Amino acid sequence: AQSVSQHNHHVILSEAASLELGCNYSYGGTVNLFWYVQYPGQHLQLLLKYFSGDPLVKGIKGFEAEFIKSKFSFNLRKPSVQWSDTAEYFCAVNRRGSTLGRLYFGRGTQLTVWP
Amino acid sequence: GAVVSQHPSWVICKSGTSVKIECRSLDFQATTMFWYRQFPKQSLMLMATSNEGSKATYEQGVEKDKFLINHASLTLSTLTVTSAHPEDSSFYICSAREEGLAPHNEQFFGPGTRLTVL
């Protein structure tokens, strides 16, 4: 069965520190990959997505993610975090070409940034 | 573009009553809509998938008679929580996709509805 693993459940950083959140998926076929962010009290927003092409994708607010097919990974990075990045981050995957496009979510990583 | 709205944004109801939550795609035709449930500090749990004009497909463990889903048009899906109980209190989120708009099956999420059952 399809699954998405986010190994870091809670990450605490100081402002200006670098961030990397891990995401691994288990599916042998071709996938589309997404990172979503949920700020406190707000709804899910798309940070970035990968469909094909350059495996290094850039998203909003200075975030980027790298798709490494051999490692089944899609880690999220930001070189210098800000207090406003405090939020829950979700990695999600769907199968390329699936009829319904069901998304499989990781359990999420809570990022807390101290000023 | 690709905006999804939900109504209401929050609702409080008494135990035993039914609550209807609406999900609308404002600027595209949602061929498929998804309903998720999110518990505090947890991930999104897919409840069901619905295609316009057909019955919803429920995930294992989700009671279809309790969580009634109707996708009567290409812009509206409703989730009705019947005979609500306190354990149904949760954050309900819908998402939608249009095959032509998002060939890679990207979903667009609504803002969610906070349900509290007293």
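Here the structure is a predicted model, which is why all the values come from computation and not from measurement.

## Regarding the pairing of strand β2 (residues 10-13) of chain B
Residue and element names in this part refer to chain B. Side-chain alternation along β2 places Val11 and Cys13 on a buried face and Trp10 and Ile12 on a face that remains uncovered. Judged from the four bridges that link them, β2 and strand β11 (residues 113-117) form a sheet pairing that is parallel. When the sheet's bridge partners are listed, Ile12 is paired in β11 with Thr116.

## Quick notes on the environment of B:Val117
Residue and element names in this part refer to chain B. Positionally, Val117 belongs in strand β11. With 98 residues separating them along the chain, Val117 and Val19 place their C-alpha atoms 9.7 Å apart. When near neighbours in sequence (up to four residues on either side) are disregarded, Val117 contacts Cys13, Lys14, Ser15, Ala84, His85, Pro86, Asp88 and Ser89.

## A closer look at the interface of chain B and chain A
Listed as interface residues are 21 residues of chain B and, on the opposing side, 24 residues of chain A. Taken over both partners, the interface formed by chain B and chain A buries close to 1,800 Å², and the fraction arising from carbon and sulfur atoms is 53%. Between the two partners, chain B and chain A, sit one salt bridge. We note a salt bridge from B:Glu59 to A:Arg102, for which the minimum N-O separation is 2.7 Å. Applying the counting rule to chain B against chain A returns three residue pairs in polar contact (both at pLDDT 80 or more). Of all elements in the fold, only β4 (32-38), β5 (44-51) and β9 (90-97) of chain B reach the threshold of two or more residues within the side of chain B that touches chain A. A class-by-class count of the residues in the side of chain B that touches chain A yields seven nonpolar, ten polar and four charged.

## Notes on the nonpolar core
The nonpolar side chains of a soluble globular protein tend to be buried with one another. Of all hydrophobic cores here, the largest spans 29 residues; its most connected members are A:Trp35, A:Leu48, A:Phe74, A:Leu76 and A:Tyr89. Taken together, the elements giving at least two residues each to this core come down to β2 (10-14), β3 (19-21), β5 (31-38), β6 (44-50), β8 (64-68), β9 (73-78), β10 (87-95) and β12 (109-114) of chain A. Those residues in contact with A:Tyr89, other than ones at most four positions away along the chain, are A:Gln6, A:Leu21, A:Trp35, A:Tyr36, A:Val37, A:Leu47, A:Phe63, A:Leu76, A:Gly108, A:Thr109 and A:Leu111. Formed by 25 residues, the second largest nonpolar core is a distinct cluster that contains B:Ile21, B:Phe67, B:Val81 and B:Val117.

## Things to note about the state of the cysteines
Residue and element names in this part refer to chain A. Under the criterion given, the structure shown has two disulfides over all chains. In this model Cys23 forms its disulfide with Cys91; the gap between the sulfur atoms is 1.9 Å. Looking down the S-S bond of the Cys23 and Cys91 bridge, the torsion is -65°, so its handedness is left-handed. With Cys23 in the loop between β3 and β4 (24-26) and Cys91 in strand β10, this residue pair connects regions lying 68 residues apart in the sequence.

## A few points about a nonpolar patch on the surface
All names here are of chain B. Residues Trp10, Ile12 and Leu118 make up a contiguous nonpolar surface patch of roughly 390 Å² in combined accessible area. As for its placement among the helices and strands, Leu118 is situated in the segment after β11. Leu118 gets classed as exposed once you look at its relative accessible area, which sits at 61%.

## So, the layout of surface pockets
In this structure, the largest pocket spans a volume of roughly 370 Å³. Lining the largest pocket are 17 residues; nearest its centre among them are A:Gln38, A:Pro40, A:Gly41, B:Gln38 and B:Lys41. The leading source of residues in the lining of the largest pocket is β10(A), at three residues. Tallied by class, the residues present in the lining of the largest pocket amount to seven nonpolar, seven polar and three charged.

## What about unusual backbone geometry?
Cis geometry is found at the peptide bond from B:His7 to B:Pro8, where omega equals 0°. By the secondary structure assignment, B:Pro8 is in the loop between β1 (4-7) and β2. With a phi angle near 80°, A:Ala16 is a residue other than glycine that sits in the positive phi range. Its location among the elements puts A:Ala16 in the loop between β2 and β3. Exposure remark for A:Ala16: the relative accessible area of 53% places this residue in the exposed category. Despite not being glycine, B:Ser83 has its phi angle at roughly 45°, a positive value. As for its position among the elements, B:Ser83 is in the loop between β8 (76-81) and β9.

Conventions we followed
- Residues numbered from 1 in each chain as written.
- Chains lettered and ligands numbered in written order.
- Predicted model: local features only at pLDDT ≥ 70, side-chain atom pairs only at ≥ 80, totals over all residues.
- Heavy atoms only, no water.
- Buried < 20%, exposed > 50% of the residue type's maximum accessible area, 1.4 Å probe, protein only.
- Helix = DSSP H or I, 4+ residues; strand = E, 2+ residues; numbered from the N terminus.
- Pairing = 2+ DSSP bridges.
- Contact = heavy atoms within 4.5 Å.
- Buried area = accessible area lost by both parts, 1.4 Å probe.
- Salt bridge = Lys/Arg side-chain N within 4 Å of Asp/Glu carboxyl O.
- Polar contact = N/O pair within 3.5 Å; in protein donor to acceptor, adjacent residues only side chain to side chain.
- Nonpolar A, V, L, I, M, F, W, Y, C, P; charged D, E, K, R; others polar.
- Core = buried A, V, L, I, M, F, W, Y, C linked by side-chain atoms within 4.5 Å.
- Disulfide = S-S within 2.5 Å.
- Patch = residues over 30% accessible without salt bridge, like charges linked within 9 Å, V, L, I, M, F, W, Y side chains within 5 Å.
- Areas by Shrake-Rupley, 256 points an atom, 1.4 Å probe, with all protein chains shown as cover.
- 1 Å grid on protein atoms, 1.4 Å probe; cavity = no way out; pocket = protein on both sides within 12 Å on 5 of 7 lines; lining within 4 Å.
- Points joined across faces, edges and corners; volume = space filled by probe spheres on them.

Remember that the coordinates give geometry; whether it matters functionally is a separate question.
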